[in-house]
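Structure at a glance
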Amino acid sequence: MKVLIASSNLGKVKEIGEILKKIDKKVEILSLKDIFDEVPDIPENARTFTGNALAKANFLAKKSAGNWILADDSGLVVSALKGNPGVRSARYAGEIKDDKKNIEKLLGEMQEFVEEEQRSAHFCCAMVLVSPNTEKSFAAIGKCKGKIAFEEKGDGGFGYDPIFIPEGYDKTFGELSSSVKNKISHRAKALEILSDIFKDVLNGGEI
Ligand code: IMP
């Protein structure tokens, strides 16, 4: 089973690949760079994570025949900021994606929220799997609850990882190992929901 991961974010592709390999070693991961000489700019203008994941999957389904497509859209939802940065997580500080600037902006906005309970947040991931002939598609949502740290810690992961402390831990995702993150992340939870579909496809079952 060849699965094209619809993302040019290498951190995400690596994470999704690691999680899928745990579901079944037979899954072969393709990234956009394996398919395109020049990776296209995939439109993501929807107002929901699921809308954007579907838009990415459908866009790529038209351009890449024969592969399963796995598209995700994810982001950080901060309660004190009325759900921001949300679907705009990647470009929160400006049109050019810049993780460092996004973190600076978010920490600045969080300065007035000094109580622990004011800093609650969650990562959300909408994951869409589309069959090669686009006849079938499946969607799942995964969430990872936690809180926003007062300062950046750790240099693991990507995006907002250095300022996100998952529930049940006292370290940020930037400090925790990728194996811990891959067990509890929003992406892991969404893929877990889709894992039965993967297993059925790999075993030649009708889905
Ligand atoms: P997408 O590529 O459009 O889904 O944008 C996702 C953005 O949300 C990323 O660029 C990050 O800023 C943020 N994000 C999503 N998942 C994570 C994560 O696991 N850790 C840190 N940041 C994340």
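Look a little higher up for the structure.
Residues numbered from 1 in each chain as written. Predicted model: local features only at pLDDT ≥ 70, side-chain atom pairs only at ≥ 80, totals over all residues. Heavy atoms only, no water.

1. Comments concerning the pattern of salt bridges
For the structure shown, the criterion picks out twelve salt bridges. Ionic pairing is found between Glu152 and Lys100, a salt bridge with its closest N-O pair at 3.2 Å. With Glu152 in the loop between strand 5 (137-148) and strand 6 (164-166) and Lys100 in helix 4 (residues 99-110), this pair connects stretches of sequence that are 52 residues apart. What makes Glu152 partly exposed here is its relative accessible area of 34%. Lys147 is the partner of Glu116 in a salt bridge, and the nearest nitrogen-oxygen pair spans 2.8 Å. Separated by 31 residues along the polypeptide, Glu116 in the loop between helix 4 and strand 4 (120-130) and Lys147 in strand 5 bring together distant segments of the chain. Judged by relative accessible area, Lys147 falls into the partly exposed class, the value being 27%. Beyond isolated ion pairs, a larger network of salt bridges with shared partners links Lys12, Glu15, Asp72, Asp161, Lys181 and Arg187. (Salt bridge = Lys/Arg side-chain N within 4 Å of Asp/Glu carboxyl O. Helix = DSSP H or I, 4+ residues; strand = E, 2+ residues; numbered from the N terminus. Buried < 20%, exposed > 50% of the residue type's maximum accessible area, 1.4 Å probe, protein only.)

2. Regarding the nonpolar core
Leu20, Leu70, Leu129, Leu191, Leu194 and Phe198 are the most contacted members of the largest nonpolar core, which totals 23 residues. For this core, the secondary structure elements donating two or more residues are strand 1 (2-5), helix 1 (10-23), strand 3 (68-78), strand 4, strand 5 and helix 6 (186-202). For this core, the element with the most residues is helix 6, which contributes eight residues. Core analysis: the second largest hydrophobic core is formed by 19 residues, Ala121, Phe123, Phe164 and Leu176 among them. (Core = buried A, V, L, I, M, F, W, Y, C linked by side-chain atoms within 4.5 Å.)

3. Topic: the sheet that holds strand 4
Taken together, the six strands give an open sheet; going across it, the order is 2-1-3-4-5-6, and neighbouring strands pair in mixed fashion. Each of the sheet's edge strands pairs with one partner strand only, and the pair in question is strand 2 (28-31) and strand 6. In this sheet, neighbouring strand axes are inclined to one another by 35° on average, regardless of whether the strands run parallel or antiparallel. Looking at chain direction, strand 5 and strand 6 are connected through three bridges and run antiparallel. By the bridge assignment, Lys147 is partnered in strand 6 with Ile165. Where helix 3 (residues 49-63) meets the sheet, it contacts strand 3, strand 4 and strand 5, and its direction lies at approximately 155° from that of strand 3. (Pairing = 2+ DSSP bridges. Axes fitted to C-alpha atoms, helices over the stretch in contact; angles between N-to-C directions. Contact = heavy atoms within 4.5 Å.)

4. A look at the pairing of strand 1
Inspection of the sheet shows strand 1 paired to strand 2 by four bridges, in the parallel sense. Pairing of Val3 across the sheet is with Ile29, part of strand 2. Pairing of strand 1 with strand 3 involves three bridges; the strand directions are parallel. Across the sheet, residue Val3 finds its bridge partner in strand 3, namely Trp68.

5. Considering the packing of aromatic side chains
Going through the model one piece at a time under the given rule, you end up with three aromatic pairs. Ring centres of Phe123 and Phe164 lie 4.5 Å apart, and the angle between their planes is 50°; this geometry places the pair in the tilted category. Pair noted here: Phe123 is in strand 4 and Phe164 is in strand 6, with a separation of 41 residues, a long-range link. Among the residues examined, Phe123 registers a relative accessible area of 6% and is labelled buried. The lysine or arginine in question, Lys105, covers the ring of Tyr92, its NZ or CZ lying 4.1 Å from the ring centre. A cation sits over an aromatic face here: Arg119 above Phe150, 4.0 Å from the ring centre. (Phe/Tyr/Trp six-rings, centres within 6.5 Å; stacked < 30°, edge-to-face > 60°. Lys NZ or Arg CZ within 6 Å of the ring centre and 35° of its normal.)

6. Description of the site of the ligand
Around the ligand there are 16 residues in total, and Lys12, Glu44, Asp161, Lys181 and Arg187 lie nearest to it. Residue Lys181 places a side-chain N or O atom 2.7 Å away from an oxygen atom belonging to the ligand. Contacts to the ligand include His186, whose side-chain N or O atom sits 3.1 Å from a nitrogen atom. Look at the ligand: alone it shows 490 Å² of surface, and the protein chains cover 96% of it. Mapped onto the shell around the ligand, the elements with two or more residues apiece are strand 3 and helix 6. Sort the elements by how many residues they give to the shell around the ligand and strand 3 lands first, with three residues. Residues belonging to the shell around the ligand are distributed by class as follows: four nonpolar, five polar and seven charged. (Near = heavy atom within 4 Å. Polar contact = N/O pair within 3.5 Å; in protein donor to acceptor, adjacent residues only side chain to side chain. Areas by Shrake-Rupley, 256 points an atom, 1.4 Å probe, with all protein chains shown as cover. Nonpolar A, V, L, I, M, F, W, Y, C, P; charged D, E, K, R; others polar.)

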